[in-house]
Amino acid sequence: MNVTAITLSLVMLILAVPIFMVFGLGSATVAIWGMNLPWSTLIQVSFGSMTKHVLIAVPLFIFTGMIMLRGGAAARLVHFAMTLVGHLPGGLGLAMILAMGFFAAFCGSILAAITAIGTIMIPQMVDQGYPKPFVIVLAASAAFLEALIPPSNAAILFSALTDVPVSHTFAAGFVPGFVLIVILSAVVIWRCRHLRNPARATPSQRLAAFRSALPGLLTPVIILGGIYAGLLTSSESAAVAGVWAILIGFFAYRELTIGGLCRALHDTARITAVIFAIIAMATFLSVVLTYSQAPQKIIGFFTAMGGTPMMFWISVAVICLILGTFIEIVPVFYLTVPIFAAIALSLNLHILHLYVVFVAFAGIGMITPPVCVGIYTAAGVAGESPEKAFREVPLFVIVGIFFGALMIAMPEAATWLPGLL
């Protein structure tokens with residue numbers, strides 16, 4: 001029966017069946033016919049996985065990002081970033097990275113960041129002579145900052161799976177996110193140093209851009225300030241951020257309309273439905289793993305083989321790279337994190353170190369064919385065929401592997417800030 005389920009899952013993957021159906025049908029086949037578990041067990045566990053209080057923050061942060069896009073905050077963040085770094089070598093690329101970092105501080109959705117910032121930056125960069133394939137892959141790679149800089153949906157999902165406080169997981173992504181910004185900026189400066197850039201902004205122009213972007217820049221202060229001051233939970237903070245985004249869209253920037261609000265709600269519902277469908281069906285797999293005691297057997301095998309922490313990190317990197325190439329990052333979370341977390345704890349490794357390393361390597365899948373949803377999204381924004389951007393992928397894969405290796409070698413990058421809380 002297990003062989004039948006695996007074969008069924010592989011066939012569905014080859015046929016490009018949505019991943020939540022692959023998880024659901026394959027795991028349900030094993031659970032019901034192979035283990036004689038009742039449907040009610042699968043449904044109860046699946047319902048419980050989707051109703052965890054921490055997951056309420058996911059659609060709320062997505063909604064905040066969508067409102068910021070429709071309400072004008074995203075455009076002002078881009079303009080502010082342009083006044084800061086636009087005149088430097090590779091200035092437009094640096095501005096895109098910086099704007100992605102700003103947007104990451106109140107959104108949490110990678111694809112929303114590509115849409116919001118890419119829609120504004122990609123046409124400008126192409127007009128200034130930046131190679132379109134490079135711009136597409138850069139946008140997809142820079143959007144990965146959303147998975148590290150809080151608030152991050154990846155952090156929320158990791159906390160839901162491991163019961164680590166969301167505030168600690170958020171804090172773990174700060175320093176790695178800054179390190180990734182520096183690495184990507186160095187690549188852009190080296191690659192685009194010969195391209196022409198806009199004139200340096202005057203101090204008055206920078207001040208005006210800052211004032212215009214200030215309502216949007218206050219959003220992460222509201223989100224993280226409420227959480228770390230102990231006044232709000234992550235879900236409550238996300239709700240407050242959504243209300244704040246509506247207020248500044250309607251009254252500060254006056255660009256948000258009722259139609260824009262409805263489109264933001266529609267986009268939020270669509271993205272949330274995809275995420276929660278994957279969560280619900282991936283839980284079927286967790287039931288199978290629990291009843292088969294697969295995590296315990298894997299830990300026992302790893303220990304018996306004399307597994308060391310370095311062997312573990314190499315295994316995490318290789319598995320995440322392979323799975324991320326064929327599966328989106330959310331199902332990779334639910335497929336591997338419970339097992340990785342158990343092994344990490346057995347080796348006395350810090351669970352937040354695992355979070356950063358895992359996200360670093362799993363996120364490379366955003367730009368590696370055939371799935372590479374980040375490149376497909378950025379190519380759609382640019383109006384370009386994704387295949388033409390694939391020649392730029394190896395450079396950024398190398399950057400991603402270097403960043404992941406750096407995070408393995410520097411556990412303090414993930415644990416220092418949470419240790420201060």
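Notes on the structure follow. Since the model is a prediction, treat every value here as computed from it, not as a measurement.

In this section: the overall build of the chain. Within the chain one finds 22 helices and zero strands. By the compact-globule yardstick of 22 Å for 421 residues, the chain fits well, its C-alpha radius of gyration being 21 Å. Dimensions of the chain, computed from C-alpha atoms along their principal axes, come out at roughly 70 × 45 × 45 Å. Total accessible area on the chain is roughly 17,400 Å²; 71% of this is exposed by carbon and sulfur atoms.

Glancing now at the environment of W244. Tracing the backbone shows W244 in helix 13 (residues 234–252). Residue W244 is classed as partly exposed on the basis of its relative accessible area of 25%. With 104 residues separating them in the primary sequence, W244 and A140 have C-alpha atoms 27 Å apart. Contacts of W244, omitting those with residues within four sequence positions, involve P215, L218, T219 and I222.

Summarising the element assignment, S237 is placed in helix 13. With relative accessibility at 0%, the residue S237 sits in the buried group. Once residues within four sequence positions are removed from consideration, S237 is found in contact with I222, I223, L224, I227 and L232.

This part covers the side chain of T336. Counting through the fold element by element, T336 comes out in helix 17 (residues 329–346). If near-sequence neighbours (up to four positions away) are discounted, T336 is found in contact with I319, L323 and F358.

A few words now on the pattern of salt bridges. All chains considered together, the criterion is met by five salt bridges. Residue R76 pairs with E255 through a salt bridge whose shortest N-O separation is 3.0 Å. Taken together, the positions of R76 in helix 5 (residues 73–85) and E255 in the loop between helix 13 and helix 14 (258–292) put the pair 179 residues apart, joining distant regions of the chain. One salt bridge connects R191 with E392, and the closest N-O pair in it is separated by 2.9 Å. With R191 in helix 11 (residues 174–191) and E392 in the loop between helix 20 (386–389) and helix 21 (393–409), this residue pair connects regions lying 201 residues apart in the sequence.

This part is about unusual backbone geometry. In this structure, P151 follows P150 across a cis peptide bond, with omega equal to 0 degrees. Positive phi is not limited to glycine here, since D163 has a value of about 65 degrees. Mapped onto the secondary structure, D163 falls in the loop between helix 9 (153–162) and helix 10 (166–172). Assessed through its relative accessible area of 67%, D163 is described here as exposed.

Right, let's talk about the packing of aromatic side chains for a bit. Each aromatic ring pair is specified by the distance between its two centres and by the angle formed by the two planes. Summed over all chains, the structure comprises 10 aromatic pairs. Their ring planes at 65 degrees and their centres at 6.2 Å tell us that F340 and F358 sit as a pair that is edge-to-face. Of the two residues, F340 sits in helix 17 while F358 sits in helix 18 (residues 351–362), which places them 18 residues apart along the sequence. You'll find F340 and F358 in the same group, each marked buried. Through a chain of ring-to-ring contacts, three or more aromatic side chains come together here, namely F312, W313, F333, F340 and F358.

Before going further, it helps to examine a nonpolar patch on the surface. Taken together, L207, F210, L214, L218 and V221 make up a surface patch of nonpolar side chains, about 390 Å² in accessible area. On the secondary structure map, V221 appears in helix 12 (residues 203–228).

Taking 1.5 Å per residue, 12 residues should reach 16 Å; helix 3 (residues 39–50) reaches 17 Å between its end C-alpha atoms and fits that length. Those residues of helix 3 that sit buried are T41, L42, S46 and S49. Viewed along the axis of helix 3, the buried residues span an arc of 120 degrees, placing them on a single side of the element. Relative to its buried face, helix 3 has exposed residues pointing more than 90 degrees away, namely Q44 and F47.

Cut-off values and rules
- Residues numbered from 1 in each chain as written.
- Predicted model: local features only at pLDDT ≥ 70, side-chain atom pairs only at ≥ 80, totals over all residues.
- Heavy atoms only, no water.
- Helix = DSSP H or I, 4+ residues; strand = E, 2+ residues; numbered from the N terminus.
- Rg over C-alpha atoms; globule rule 2.2 N^0.38 Å.
- Areas by Shrake-Rupley, 256 points an atom, 1.4 Å probe, with all protein chains shown as cover.
- Buried < 20%, exposed > 50% of the residue type's maximum accessible area, 1.4 Å probe, protein only.
- Contact = heavy atoms within 4.5 Å.
- Salt bridge = Lys/Arg side-chain N within 4 Å of Asp/Glu carboxyl O.
- Phe/Tyr/Trp six-rings, centres within 6.5 Å; stacked < 30°, edge-to-face > 60°.
- Patch = residues over 30% accessible without salt bridge, like charges linked within 9 Å, V, L, I, M, F, W, Y side chains within 5 Å.
- Expected span 1.5 Å × (residues − 1).
- Arc of directions from axis to C-beta.

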